[in-house]
Each structure stands twice: as C-alpha cells, then as structure tokens.
Amino acid sequence: MIHATCHTADNVLCLEFDATPWFSAADAPSIVELARQGWSSAAIAESLED
C-alpha cells in the first residue's frame, strides 16, 4: 500500500488514500513528471474543491 494525502492549497480539505492503483496504472513518464512537481499538482488540488 502506498499511503498518500491530497489537500487543497488552504488545507481546508485533506484526504488520505491508497495511491497504489494509480502507480500500478501510470506510465513511467507520468510518475517522473509528478515527482518533478514535488508530488503535487494544482489540478489535483483544485479538483478537491468541487
């Protein structure tokens, strides 16, 4: 299990989840790009606001 968290920029909402399915399905360039972004993405955080 890969424990992960995702939160809004203001930390009002924070979710903990198992990231294993994403890593199992992701290709190497996607993983490298996410790592280059510090394991963060504005698009992911913004999606939590909905």
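Keep in mind that this is a model prediction, so the values were computed, not measured.

Conventions we followed
- Residues numbered from 1 in each chain as written.
- Predicted model: local features only at pLDDT ≥ 70, side-chain atom pairs only at ≥ 80, totals over all residues.
- Heavy atoms only, no water.
- Helix = DSSP H or I, 4+ residues; strand = E, 2+ residues; numbered from the N terminus.
- pLDDT = per-residue confidence, 0-100.
- Phe/Tyr/Trp six-rings, centres within 6.5 Å; stacked < 30°, edge-to-face > 60°.
- Buried < 20%, exposed > 50% of the residue type's maximum accessible area, 1.4 Å probe, protein only.

## Regarding unusual backbone geometry
In step 1: For Asn 11, which is not a glycine, the phi torsion comes out positive at approximately 65 degrees.
In step 2: With respect to the secondary-structure elements, Asn 11 resides in the loop between strand S1 (3–7) and strand S2 (14–18).
In step 3: One non-glycine residue, Trp 39, lies in the positive phi region at around 60 degrees.
In step 4: With respect to the helices and strands, the residue Trp 39 is situated in the loop between helix H2 (28–36) and helix H3 (42–48).

## Comments concerning the confidence of the model for the protein
In step 1: Across the protein, the average pLDDT comes to 84, with 86% of residues at 70 or higher.
In step 2: Looking over the protein, one finds the lowest element-wise mean pLDDT in H3, namely 68, and the highest in helix H1 (residues 20–25), namely 92.

## Structural notes on the packing of aromatic side chains
In step 1: Following the criterion strictly, the structure yields two aromatic pairs and no others.
In step 2: Note on Trp 22 and Phe 23: the rings are 4.9 Å apart at their centroids and 90 degrees apart in plane angle, and the pair reads as edge-to-face.
In step 3: In this structure Phe 23 comes out as partly exposed when scored by relative accessible area, which is 26%.
In step 4: Between Phe 23 and Trp 39, the ring centres sit 6.0 Å apart and the planes meet at 50 degrees, which makes this aromatic pair tilted.

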